[in-house]
Each structure stands twice: as C-alpha cells, then as structure tokens.
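Listed below, chain by chain, are the residues.
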Amino acid sequence: MRSHTLKTWLAVAVAIAGAAILSGCTGRGGNGGSGGRGGNVLRYALQTNPTNLDPGRVEDGDTIDLLQQIFEGLVQWNDKSEVVPNLAEKIDISPDGKVYTFHLKDGVKFHNGRKVVAQDFVYSMTRALAKDTKSPTAMTYLNDLLGAKAFNEGTSQTLPGVKALDDRTLQITLDNRHPYFLGKLTYPTGWVVCKEEVEKNGGKVDERAMIGTGPFKLASYQSGYLVKLVANPDYHQGKPLLDGIERPVMIDPFARQTAYESGGLDFTDVQRGELDRIKRDPKLSGELKQFDRANIYYLALNQLALPQFKDKRVRQAFAMAINKDTLINIALKGIATKASGIVPPGVPGHGSIDGIPYDPAKAKQLMAEAGFPDGKGFPKVVLSFRQGWQHITDGANAIRSDLKQNLNIDCDLRQVEWTQFLSERRNGTMPCFHLRWAADYLDPQDFLSVMLRTGAEENKVGYSNPEFDRLCDQADVEADPAKRAGIYQQAEKIAVDDAPWVCLYHLPDVELHKPYVKGIRDSLMGHLPHLKTTVAH
Amino acid sequence: MITIIRNRILLAIPTLLIVSLVTFFLGYFAPGSPVEAMLGQHSDRETIKRLEHEYGLDRPPLVQYGSFLAGIVTRGDLGTSFWNGGKSVTSMIAEKFPVTAHLAIMALITAILIGLPAGALAALRHNGMVDRSTMASVLTLVSLPPFVLSSILMLVFSLWLNWLPSSGWYSPEYYVLPVAVLAARPAALLARFMRSSMLEVVRQDYVRTAYAKGLSPRKVLAKHVLKNAFLPVLTVLGNTFGFLLTGSFVVETIFTVPGIGYESIQSIVRRDYPVIQGVALLVAVIFITVNLIVDILYSVIDPRVRYEGAR
C-alpha cells in the first residue's frame with residue numbers, strides 16, 4: 001500500500017508546526033514582561049501570584065514588596081534599618097510611652113489627587129482591625145492600640161486608640177508602653193488607604209481600589225500574570241528615577257533564572273543549587289549580590305512532644321553535637337552567618353554572645369550524665385521540616401548526620417507540606433523541627449518575648465524559665481533604649497544557655513543584579529521602595 | 001440520539017454530587033486549615049478560632065457542605081475564595097479557564113496533527129526505519145515528565161538560542177513552548193494508538209476484499225482503513241482532552257500561563273476549599289461533556305453504534 005497521502009499529511013503537519021515555531025522566532029532580545037529590554041522600567045518577578053492586595057490583610061513578603069511601592073504609612077525603615085518618619089514629619093511620645101502624636105507632612109496626596117488627612121489613618125487602622133475585614137495580621141501588629149481587642153472581636157463599636165486631633169495631627173494611644181510599637185507600625189496594617197475609593201469598591205481593596213500615596217501607581221493588574229506600575233510624578237519625596245516597574249508572575253525558579261540570563265529580568269533571586277554554577281561563570285559571578293536579613297534558622301527541641309528534651313543537658317548536648325561550620329559550608333554553599341545567639345546581627349539590641357560551641361566530646365559527656373551514654377536508650381528522633389525549601393532539606397540532612405556521628409542518635413527526616421506543618425507545630429506534636437523565624441519588626445522583643453516567653457503563643461517548644469520571663473517583661477516596657485538592650489541581652493544569654501532551640505545560622509538573600517541596575521536601597525527587612533533605583537543602560 | 005443525551009445528563013447529576021462530596025470531605029479531613037495557611041507562623045489559637053468562625057469553618061461539615069450545595073443550586077454560586085481578596089470562584093474560573101482551554105485546545109490540535117499521521121505512517125511502514133524511529137520517539141516522549149521536557153526546551157530555545165520566551169502568555173511566540181510540552185505526550189500516545197489500530201484493521205478480511213475488488217490503495221485507505229482505525233483512537237482523544245486540561249496545571253505553573261491550573265495548585269496548598277471544589281466540579285463537567293461528545297461522534301462515524309443507540 002502506498003503511503004503518499006499520509007506522507008504528504010505528515011509533511012504538512014510538520015510544516016505547520018515548524019511555521020508556528022519559526023514565526024515566533026525573532027532573535028529576541030529578551031523575554032518576560034513587555035518582551036524586551038524595558039527602557040527605564042525595572043523588571044523583576046513575583047515568585048507567587050499576589051495573595052492579597054489589601055494592606056490590612058496581606059501576609060507574605062513577596063506581595064508586601066509589591067504593595068510598598070503603592071502604599072505608605074506614618075513611618076518606614078531606612079537603609080540603616082532604623083524606623084524613621086515617612087508620612088508623619090514629627091512624632092511626639094508621651095513620658096509614659098503610651099501616647100504617640102504624629103504630625104503629618106503637608107501636601108501629601110493620594111494617587112487620585114486628594115490630600116491625605118489624619119482621618120484617613122483613623123479609617124485605615126479601624127478598617128484593618130474591623131471584624132468584617134477578617135484580617136489575619138491586624139491583631140499581630142495593631143493589637144497594642146487601646147481597645148483593639150474588643151473592637152476586633154466586635155464587643156465594642158469604637159476604637160479609642162486612634163483619633164484625629166485635626167487634619168494634620170493623629171494621636172495613637174496604646175494599652176501600655178511598647179517601645180517597639182513604631183517598628184510594628186511599619187507593617188502594612190499601618191498603611192493608609194483611600195476611603196472613598198475603597199467604599200466605592202464595596203469596602204474591598206483590590207486592583208480597582210489600589211490608591212495609595214507611594215512612589216508608584218498601579219498601571220495594570222493581570223492576576224497570576226503581570227503587574228505593571230507607573231511612577232507617581234507627584235510623590236511627596238520627589239518623582240522616582242524609574243518610569244515604571246514590571247512584575248511578571250514567575251513561580252518556577254528555573255523560569256526566573258532563564259529569564260534573567262536571557263535578558264528578560266533585571267534582577268532575580270538565586271537558588272542555592274545554582275550557586276556553584278553561577279560562581280564559576282565569569283559574567284554571572286560578578287552580578288551576585290548578598291543582602292543581610294533579620295532571621296534565625298534553628299532546630300527546635302520540643303519538650304512537650306519528647307520528654308527527654310526537658311533535660312537541659314540533653315538540649316545542650318544536641319547544640320554541641322551540631323557542626324554549624326560544616327552545615328553552612330556544605331549544605332548552604334558558604335552563604336550564611338553562623339548564629340551564636342537568637343537575635344540576628346543588625347537588629348537594635350543585638351549583642352555579642354558566645355553561644356554554645358561545637359564540642360562533640362562534651363556533648364557525649366552531657367548525654368551520659370543525662371542517662372544516655374553513647375545515645376543508648378534515647379528514642380529515635382523524628383526531625384520535621386517544611387517541604388519545598390532546599391536549604392532547609394540540606395540543613396536537616398547535615399543535622400541528622402551530626403547527631404548520628406557525634407551522639408549515636410538515630411534520626412528520621414520528615415518533610416511536611418507547609419499548612420500541615422503549621423498545624424502540627426501549633427498542636428505541639430513534632431518532637432524536633434527545623435524552621436526559620438524572620439523579623440516582623442527589628443526588635444529583640446520579636447525574637448525573645450514573642451518566641452520563647454512562657455505562655456507566648458509562638459513558644460511551641462514548652463520552654464519556661466522564670467528569670468528569662470522576668471527579664472523579657474522588664475525589657476518589653478523599658479523606656480531607655482540602652483538599658484533595654486542590655487536587659488534583652490541578659491535574657492538572650494539565658495535562653496541560649498538553656499537551648500530550647502539550637503541556633504544554627506542567619507541566612508542572607510542572594511540575588512543576581514544586572515550591572516545597569518543601580519540605586520537599590522535595602523534594609524534588614526528587605527528592599528525598600530524603588531525611589532532611587534535606576535536601570536540606565 | 002436524544003435519548004443518549006438525556007440519559008447522560010441525568011447520570012451526570014449523581015456523578016457531580018459524588019465528586020463534590022468526595023472533594024469536600026477530602027479537603028475537610030486534610031491536615032491544616034485555610035486559616036492556618038493564611039496566618040502562617042502567627043497562628044495563635046484565639047485568632048484561628050475567630051477567623052474560622054468568620055469564614056463559617058467552625059460549622060458542622062454537613063452544614064458547610066449543604067450551604068455550598070444550596071449556593072450552587074439556588075444561585076449558581078460556587079462560593080468565594082478565602083484568598084484572592086474574596087473573589088467569587090465563578091468569576092475566577094470565568095477569567096482563567098478560557099486560557100487553560102486555549103492552551104489545551106492548541107495542544108490537542110498539535111498532538112492530532114503530529115500524532116495521527118505519524119502513527120499511520122508507522123503502521124504503513126511496519127518494521128521499517130520509519131516505524132522504528134517513530135516508536136523510539138514515542139517511547140522518549142512518553143517517558144519524559146513535563147517538567148523535564150519544559151526545562152530542556154527552555155534551556156535550548158530561550159537561553160541558548162534566545163528564539164523563544166521562557167514564560168508568559170502575551171502573544172503567539174509565548175504559546176510555542178507550553179503547547180509543545182503539553183502536546184508531546186498526547187502526540188506520542190496518539191501515534192502509538194493509531195499505529196496499533198491501523199495494524200489491526202489492515203489485516204481484516206474486508207480490507208483484503210476491497211483490494212480484491214480493484215479499489216485503489218488511496219480509496220481503500222480513506223474509505224475502509226482510516227475510518228475503522230480511527231474509532232478506538234476517538235475514545236482515546238476524548239480522554240486526552242480531559243487530561244490535557246488537568247495536565248496543563250504543571251505547564252501553566254512552569255511557563256506562567258495565567259490559567260486555572262496554577263490557581264488550582266495554589267488553592268490546594270492554601271486549603272482554599274471553595275476554589276478546590278469549584279475546579280473539581282469544572283473538571284468533572286468537562287470529562288462528562290467530552291465523553292458525551294465522543295460517544296455521539298462514535299455513533300455518527302459507526303452506523304452500528306447509531307443503530308444500537310437508537311433502540
């Protein structure tokens with residue numbers, strides 16, 4: 001049987017497919033975003049689809065980085081990681097530390113041209129705390145406001161803690177002295193939204209009501225796809241140097257890396273697994289940049305789930321048995337800072353702490369004293385960690401190896417899907433887990449009192465030390481910054497010695513930046529709004 | 001014909017009910033809650049309890065399920081997403097599904113245009129070079145997972161040659177790589193099915209009879225061989241389209257195609273139950289519809305089936 005007809009058909013099919021492919025091939029100069037070098041427009045990817053465009057409800061760092069170009073608050077971080085005034089030009093604090101009076105900058109306008117007044121902040125914070133808003137974050141960052149809890153629960157109809165004295169004066173009253181309050185106020189729950197735009201949109205802040213005061217305005221929003229911002233020429237600190245920003249949504253790290261290397265993005269994150277290749281590449285190695293961040297990666301020893309961890313000697317033995325230098329050099333390719341304490345470097349109040357040294361011999365001795373000579377009788381440890389973060393997986397492998405080699409303790413690794421991990425952590429059922437805590441605001445209170453004080457919601461390991469609690473309670477309300485820092489350092493020494501956690505490392509963000517990208521401002525909390533960034537070629 | 005359609009529609013109702021019930025309870029019993037996913041590490045008991053109450057998640061499961069069903073039946077409302085700014089699931093699907101369908105249709109056409117002729121040619125050149133190389137290609141494409149193929153094509157065409165973009169969905173040049181990845185496996189499977197089917201048909205007595213009667217090879221191929229060989233492939237085509245729609249989820253994520261696939265994966269991670277249920281129902285409706293169309297086409301192509309269906 002002849003097959004001319006089929007051969008012809010096959011040839012036509014291949015020709016169509018080929019024509020389709022070739023018609024798309026233009027010897028392109030780049031891809032992603034607008035499909036080529038973007039002029040004076042900065043292009044970098046969103047790693048997930050923006051989760052929530054409402055500052056009162058947003059929770060993840062990637063979306064916050066987007067929103068901070070559009071919305072602002074009374075205060076902000078500067079590039080020295082200090083809290084400085086932003087929409088407020090002056091802040092008065094009462095002697096008892098409970099009343100903050102913010103004097104607003106004159107002439108600040110929303111993107112729709114209307115002048116910002118103090119009442120807008122009352123509206124924004126009240127809205128964030130309102131029951132109907134269902135904010136998952138408001139009670140973490142605005143809970144110190146007088147009457148916040150009752151208002152949020154719906155048992156009170158008013159929020160007495162925030163009021164406008166006049167158009168340019170806002171007064172915030174707290175339930176107690178909280179020296180870290182201004183740091184918490186930098187979070188999006190403290191940002192101002194435009195009341196009439198929100199109410200026109202049925203009370204929601206989505207892409208139709210993203211009217212802020214920031215250096216950029218929303219130009220277009222295609223969910224799951226691309227967000228474009230355009231410079232705000234009337235910005236109160238002067239027009240940004242960029243004309244705009246493009247944020248294509250690129251979930252896959254390989255896609256982001258490819259887009260960067262083919263010219264489609266101006267900067268991107270780097271996966272640890274790519275570091276060796278990048279460092280060997282003469283061009284890419286020169287484009288690697290590192291940014292310190294306020295985080296601590298730790299191994300939690302949960303006394304609630306494994307009673308053997310109630311013994312301090314056991315916890316200290318675990319801390320001494322883990323070789324952090326090897327973990328950092330091999331699992332993390334050398335890009336991390338060994339952690340001696342809990343509070344990361346750069347956070348005000350960070351002190352020099354000796355920490356628990358790597359000492360396998362002493363570790364063995366402590367285990368023997370605790371009744372587990374050479375690990376005998378110690379139950380197998382299940383080490384849980386979240387799925388999807390390669391450096392955590394690699395770290396867990398290194399830890400398991402050290403525990404076996406130095407203490408003869410068997411350890412099973414258990415990778416857990418994130419939401420399930422959160423549930424198990426909350427229920428206190430994981431005996432041992434490897435996790436990160438990143439600063440919500442730059443204050444030791446966020447690392448010590450929040451995470452380890454007896455009864456604190458975030459204390460998931462059952463740690464309790466009355467002296468540590470006393471010092472934290474004292475420091476939490478101490479007015480003198482130097483004295484406060486000293487008290488926190490004393491508390492930290494106790495916690496490090498008690499070893500409810502094994503403090504492992506602090507991890508910076510590693511990125512690739514094209515040489516023509518200049519002026520990116522950064523703080524320990526992340527990149528700052530792109531006011532001074534340029535992409536001049 | 002009308003009877004077949006009517007019966008299928010009636011059968012679809014309990015099928016969709018079972019799908020919605022199973023999806024709902026699987027989500028309900030999965031560890032972790034949407035509120036925990038929202039709160040991240042800041043999940044204090046009080047806030048969790050408050051938000052679960054506000055979202056109605058503290059109601060008994062049957063009440064929650066009943067409320068969901070009532071919404072569909074009375075208002076055609078699939079609920080609102082716990083994320084995405086409280087957007088309605090119906091509007092999310094309406095916005096994103098056309099993109100997924102577009103991708104799946106292009107992939108199906110590509111798979112048909114390449115797979116069917118390749119399979120037919122391989123059958124006609126049975127045990128020859130064409131047959132062997134086609135089957136080798138089939139084996140390779142069937143074995144390669146989409147994410148591996150995606151990486152290879154991105155590396156070659158986006159990075160090394162810089163011919164095509166690595167992600168996005170802005171214009172036809174952006175369609176090429178995701179369509180190629182999505183079409184690869186179905187094209188290979190169709191080629192294999194078509195080859196087997198044709199090899200089976202060409203051995204039949206009626207084909208020999210047709211030649212014996214003096215019909216030209218072209219006429220034998222067109223009137224007898226292809227038509228009969230295509231019938232089993234038609235069934236596979238129907239399922240292929242359904243799997244293309246669901247298989248596009250991974251491709252959409254890798255190539256940043258703004259379809260329902262990426263949203264579905266995120267909704268599972270975030271325990272966004274209304275979106276999960278909405279998409280599950282959508283997929284069920286698609287499979288039911290596609291199978292119905294396949295059955296109708298089957299009865300059109302094969303008169304014997306038509307006769308049996310008309311009883």
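Report follows, based on the coordinates.

Rules of the game
Numbers given for residues are sequential positions, taken from 1 along each chain in its written order. Chains carry letters from A onward and ligands carry numbers from 1 onward, assigned in written order. The predicted nature of this model means local features are confined to residues of pLDDT at least 70 and side-chain atom pairs, given and counted, to a pLDDT of 80 or more, with totals for whole chains, interfaces and linings taken over all residues. Side-chain calculation: all heavy atoms of the structure are included, whereas hydrogens and water are not. Pairing between strands is defined by DSSP: at least two bridges between them are needed. Each helix corresponds to a stretch of at least 4 residues labelled H or I by DSSP, and each strand to a stretch of at least 2 residues labelled E; elements are numbered beginning at the N terminus. Angles shown run from 0 to 180 degrees and are taken between the N-to-C directions of axes, each axis being a line fitted to C-alpha atoms and, for helices, limited to the stretch in contact. Contact criterion: two residues are considered in contact whenever any of their non-hydrogen atoms come within 4.5 Å of each other. Side-chain rings of Phe, Tyr and Trp, where Trp is taken by its six-membered ring, are said to pair if the distance between their centres is within 6.5 Å; with planes under 30 degrees apart they count as stacked, over 60 as edge-to-face, and otherwise as tilted. Relative accessible area decides the class of each residue, using a 1.4 Å probe on protein chains only: under 20% of the type maximum gives buried, over 50% gives exposed, and in between gives partly exposed. The rule for a charge over a ring is simple: NZ of Lys or CZ of Arg within 6 Å of the ring centre, and within 35 degrees of the ring normal. Throughout this description, the term nonpolar core refers to a set of buried Ala, Val, Leu, Ile, Met, Phe, Trp, Tyr and Cys residues connected via side-chain atoms within 4.5 Å. Accessible area that two parts lose when put together, with a 1.4 Å probe and added across both, is what the buried area reports. The rule for a salt bridge is simple: a side-chain nitrogen of Lys or Arg has to be within 4 Å of a carboxyl oxygen of Asp or Glu. Nonpolar residues are Ala, Val, Leu, Ile, Met, Phe, Trp, Tyr, Cys and Pro. Charged residues are Asp, Glu, Lys and Arg, and all others, Gly as well, are polar.

**Section: the sheet that holds strand β11 (residues 267–269) of chain A**
Residue and element names in this part refer to chain A.
- The strand order across the open sheet formed by three strands is β11-β19-β12, and the pairing between neighbours is antiparallel. Edge positions in the sheet fall to β11 and β12 (288–291), since each of these pairs with one other strand and no more. Strand-to-strand twist in this sheet, taken as the mean axis angle between neighbours without regard to direction, amounts to 30 degrees.
- In terms of strand pairing, β12 meets strand β19 (residues 509–513) through four bridges, oriented antiparallel. Looking at the pairing, lysine 289 lines up with glutamate 511 of β19.
- Together, β11 and β19 form the strand contacts of helix α8 (residues 253–261), whose direction differs from that of β11 by roughly 155 degrees.

**Here's the deal with the packing of aromatic side chains**
- All chains considered together, the criterion is met by 29 aromatic pairs over all chains.
- Aromatic pair phenylalanine 309 of chain A and phenylalanine 318 of chain A: ring centres 5.1 Å apart, planes at 85 degrees, arrangement edge-to-face. The residues phenylalanine 309 of chain A and phenylalanine 318 of chain A share a single accessibility class, namely buried.
- Ring geometry for phenylalanine 25 of chain B and phenylalanine 29 of chain B: centres 6.1 Å apart, planes at 25 degrees, overall stacked. Taken as a pair, phenylalanine 25 of chain B and phenylalanine 29 of chain B lie in helix α1 (residues 2–29) at a separation of four residues, close to a single helical turn.
- Classification of phenylalanine 25 of chain B by relative accessible area gives partly exposed; the value is 21%.
- Classification of phenylalanine 29 of chain B by relative accessible area gives exposed; the value is 62%.
- Taken together, the ring pairs in this structure connect Phe24, Phe25, Tyr28, Phe29, Tyr65 and Phe68 of chain B into an aromatic cluster.
- Sitting above the plane of the tyrosine 44 of chain A ring, arginine 247 of chain A keeps its charged end 3.7 Å from the centroid.

**Observations regarding the pairing of strand β18 (residues 501–506) of chain A**
All names here are of chain A.
- Of all six residues in β18, six are buried; the element is thus mostly enclosed.
- Note: strand β13 (residues 295–301) against β18, four bridges, orientation antiparallel. Counted as the bridge partner of leucine 299 is valine 502 from β18.
- Bridge analysis of strand β14 (residues 337–338) against β18 gives two bridges, and the strand direction is antiparallel. Looking across to β18, one finds that lysine 338 is bridged to tyrosine 505.

**Concerning the nonpolar core**
- The biggest cluster of nonpolar side chains holds 117 residues, and the ones touching the most others in it are Phe318 and Phe378 of chain A.
- Those residues within four positions of phenylalanine 318 of chain A in sequence are excluded, and the remaining contacts are Leu301, Phe309, Phe378, Val381, Leu403, Leu407, Ile409 and Val502 of chain A.
- In this structure, Ile93, Leu103, Ile254 and Val294 of chain B belong to the second largest nonpolar core, which totals 64 residues.

**Digging into the interface of chain B and chain A**
- Contact residues are listed per partner, giving 65 residues for chain B and 71 residues for chain A.
- Note on chain B versus chain A: buried area summed over both sides is about 6,300 Å², and carbon and sulfur give 57% of it.
- When residues of chain B are sorted by the area they lose upon contact with chain A, Gln41, His42 and Tyr170 of chain B head the list and together hold 12% of the total.
- The interface formed by chain B and chain A holds five salt bridges in total.
- Lysine 149 of chain A serves as the salt-bridge partner of glutamate 46 of chain B, at 3.4 Å between the closest nitrogen and oxygen.
- Where the side of chain B that touches chain A is concerned, the elements lending two or more residues are α2 (34–39), α3 (45–54), α5 (89–124), α7 (146–160), α8 (172–202), α10 (217–255) and α11 (260–269) of chain B.
- With nine residues, the top contributor of residues to the side of chain B that touches chain A is α5 of chain B.
- In the side of chain B that touches chain A, the residues fall into 33 nonpolar, 17 polar and 15 charged.

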